Amino acid sequence: MAAGAVRRILEIDLWVRDQLRPQHLAALRGYRPLVTLEALTCYHGSPRSNTEALLPTTPEAELARMLDGHAAPVLAGGHTHLAMMRRHGCSLVVNPGSVGLPYEYFPDVGFRNPPWAEYAMVEDADVEFHRVPVDVGAVTEAALASGMPNAGWWVKDWAWS
């Protein structure tokens with residue numbers, strides 16, 4: 001990622017942090033890096049690190065290290081904002097995508113935010129992916145009116161032609 005993009009993202013992140021109220025910070029202090037419910041284990045990046053990028057292309061040997069000791073029927077993580085499902089041993093490894101900031105990569109145009117929110121429903125060991133439309137005009141308008149730094153730069157990836 002280019003240095004200018006990293007700087008812009010950092011400026012946005014710092015602005016977002018400044019928007020948090022005490023009740024938001026209290027909720028964040030309750031964050032648990034690993035949550036297990038019956039047939040489902042949830043984490044952010046991977047069970048061993050919330051910043052680790054678990055991708056559809058992660059080599060099997062590396063995936064085994066990332067998931068070492070975790071074998072729930074469904075292992076669900078995020079961080080990359082890319083929807084995926086793959087098998088690892090007896091587990092399904094899924095990323096539901098992102099409700100607030102999904103993205104796709106196209107070699108000829110780069111990254112774009114699609115006009116939908118993504119999520120998944122898990123019942124027993126069945127996983128069902130969903131997409132719901134997002135009003136891109138409303139997202140763009142809200143971002144530009146918010147006072148967020150670099151809003152014009154941020155909304156450009158929501159533009160679809």
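Residues numbered from 1 in each chain as written. Predicted model: local features only at pLDDT ≥ 70, side-chain atom pairs only at ≥ 80, totals over all residues. Heavy atoms only, no water.

Trainee: Explanation requested: the environment of M1 in the structure shown.
Mentor: In this structure, M1 sits in the segment before α1 (3–19). A relative accessible area of 77% means that M1 is categorised as exposed. Placed 12 residues apart in sequence, M1 and D13 show a C-alpha to C-alpha distance of 16 Å. With sequence-adjacent residues up to four places away left out, M1 is seen in contact with V6 and I9. (Helix = DSSP H or I, 4+ residues; strand = E, 2+ residues; numbered from the N terminus. Buried < 20%, exposed > 50% of the residue type's maximum accessible area, 1.4 Å probe, protein only. Contact = heavy atoms within 4.5 Å.)

Trainee: What's the story with the nonpolar core in this structure? I'm lost.
Mentor: If you look at the biggest cluster of nonpolar residues, it comprises 9 residues: Y43, L54, L63, M66, L67, A72, L75, M84 and V93. Beyond its immediate chain neighbours, meaning those up to four positions away, L54 contacts Y43, G45, S46, L63, M66, L67, T80, M84 and V93. In this structure, V74, A76, V94 and V127 belong to the second largest nonpolar core, which totals 6 residues. (Core = buried A, V, L, I, M, F, W, Y, C linked by side-chain atoms within 4.5 Å.)

Trainee: How should the sheet that holds strand β3 (residues 74–76) be read in this particular structure?
Mentor: Reading across from one edge, β1-β2-β3-β5-β4 is the order of the 5 strands in this open sheet, with mixed pairing throughout. Bordering the open sheet on either side are β1 (34–37) and β4 (84–88), each of which pairs with just one other strand. Ignoring which end each strand starts from, the neighbouring axes of this sheet average 20° apart. Note: β3 against strand β5 (residues 91–95), 3 bridges, orientation parallel. Paired with A76 across the strands is V94, a residue of β5. (Pairing = 2+ DSSP bridges. Axes fitted to C-alpha atoms, helices over the stretch in contact; angles between N-to-C directions.)

Trainee: Help me understand the environment of L20, please; the structure alone is not making it clear to me.
Mentor: Relative to the helices and strands, L20 resides in the loop between α1 and α2 (22–29). We classify L20 as partly exposed; its relative accessible area is 30%. Considering only alpha carbons, one finds L20 and G100, 80 residues apart in sequence, at a separation of 17 Å. Sequence-distant contacts of L20, defined by excluding residues within four places in its chain, comprise L25 and L28.

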